[in-house]
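Here are the chains, one letter per residue:
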Amino acid sequence: SDVQREFLERAVAFYDQLDDWQPTGSTTKFDSAQTKIRMGRLYHWLGGKTNLENAERRLSEALALLQQIEDRDVEKRHVQYQLAWCYYELAETAGQISTPAQQRRLQYLEQARTILDELKQTYASSPSVLTAEGDWLMAHERFDEAIENYQEVHRIRPGPLSVRTLIKSHFIAGQNAK
């Protein structure tokens, strides 16, 4: 709706004001990367070629910041989770830009999968990791497996967010049923 678009545009304008700030330490780089991921999502939601290109640029900047963070300053699992999420967001954005971007989309999804596999070795029952893996499975149209992950998240941490995720995954699976 026009009202939603107006709020998204206001949020983008606010975040754009923060974008000139150059983080130095690992903690500020982590915070800045999270801000750029949010900016990427906002641009993605606005849609259109220019906004999608801006989304990909912001997400790529977040990725670069996350890759510069040293383990001693921010817990590695938090950085890895954000890296996986950033790759996933990049994949979703690249998939909507153009046909040549489809190759980048697959590369981003594989990068996300590699990081998720590392996270699962240590944090197999983490709701965040299970949700991220569910998102990866949804992107690969492996709906039944994704729903199983989301059900496990709901079993571990029941609440409105897990219910909403389950409803959305069932809806998308139903839309894609052949």
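Look a little higher up for the structure.
This is a predicted model, so every value here is computed, not measured.

Novice: When you look at the overall build of the protein chain in this model, what are you seeing that I'm missing?
Specialist: For the protein chain, the helix and strand inventory stands at 8 helices and 0 strands. Whereas a compact globule of 178 residues would reach a radius of gyration of roughly 16 Å, the protein chain reaches 17 Å, a difference of no more than 12%. Dimensions along the principal axes, computed over C-alpha positions, put the protein chain at roughly 45 × 45 × 35 Å. Counting only residues that meet the buried cut, the protein chain has 45% of its 178 residues in that class. In the protein chain, 56% of the contacts between residues at least 6 apart in sequence involve partners at least 24 apart.

Novice: What exactly am I supposed to notice about helix α7 (residues 143-156) here?
Specialist: Along an α-helix, residues three or four positions apart point the same way, because every turn accommodates 3.6 residues. Over its 14 residues, α7 runs 20 Å from end to end, which matches the ideal 20 Å to within 8%, given 1.5 Å per residue. Burial in α7 covers these residues: F143, A146, I147, N149, Y150 and V153. For α7, the arc enclosing every buried residue in end-on projection is 155 degrees, short of the 170-degree limit, so these residues lie on one face. Exposed residues on α7 whose side chains face more than 90 degrees from its buried face are D144, E148 and R155.

Novice: Would you explain the packing of helix α1 (residues 2-18) against helix α2 (residues 26-46) in this entry?
Specialist: The relative placement of two packed helices comes down to the angle between their axes together with the axis-to-axis distance. Between α1 and α2, the least distance of the axes is 10 Å, while the angle of their chain directions is 150 degrees. The hand of the α1/α2 crossing is left-handed. Every residue of α2 that contacts α1 at R5, L8, E9, A11, V12, Y15 and D16 is listed here: T35, R38, M39, L42, Y43, W45 and L46. Across the contact of α1 with α2, the residue classes tally to 9 nonpolar, 1 polar and 4 charged.

Novice: Could you clarify how one ought to interpret the environment of Y108 in this entry?
Specialist: Of note, Y108 is situated in helix α5 (residues 101-122). Sequence separation between Y108 and E89 is 19 residues; the distance between their C-alpha atoms is 8.6 Å. Beyond its immediate chain neighbours, meaning those up to four positions away, Y108 contacts E56, Y87, L90, A91 and A94.

Novice: Please clarify how the pattern of salt bridges should be interpreted in this entry.
Specialist: Close approach of charged atoms allows side chains of opposite charge to pair. Enumeration according to the criterion identifies 14 salt bridges in this entry. Linking E9 and R5 is a salt bridge whose minimum nitrogen-to-oxygen distance equals 3.3 Å. Note that E9 and R5 are positioned in helix α1 at a spacing of 4 residues, about one turn of the helix. Accessibility expressed as a relative area gives 40% for E9, which makes it partly exposed. Residue class for R5 comes out partly exposed when judged on its relative accessible area of 35%. One salt bridge connects E145 with R142, and the closest N-O pair in it is separated by 2.8 Å.

Cut-offs used in this document
- Residues numbered from 1 in each chain as written.
- Predicted model: local features only at pLDDT ≥ 70, side-chain atom pairs only at ≥ 80, totals over all residues.
- Heavy atoms only, no water.
- Helix = DSSP H or I, 4+ residues; strand = E, 2+ residues; numbered from the N terminus.
- Rg over C-alpha atoms; globule rule 2.2 N^0.38 Å.
- Buried < 20%, exposed > 50% of the residue type's maximum accessible area, 1.4 Å probe, protein only.
- Contact = heavy atoms within 4.5 Å.
- Expected span 1.5 Å × (residues − 1).
- Arc of directions from axis to C-beta.
- Axes fitted to C-alpha atoms, helices over the stretch in contact; angles between N-to-C directions.
- Left-handed = near helix turned anticlockwise from the far one by under 90°.
- Nonpolar A, V, L, I, M, F, W, Y, C, P; charged D, E, K, R; others polar.
- Salt bridge = Lys/Arg side-chain N within 4 Å of Asp/Glu carboxyl O.

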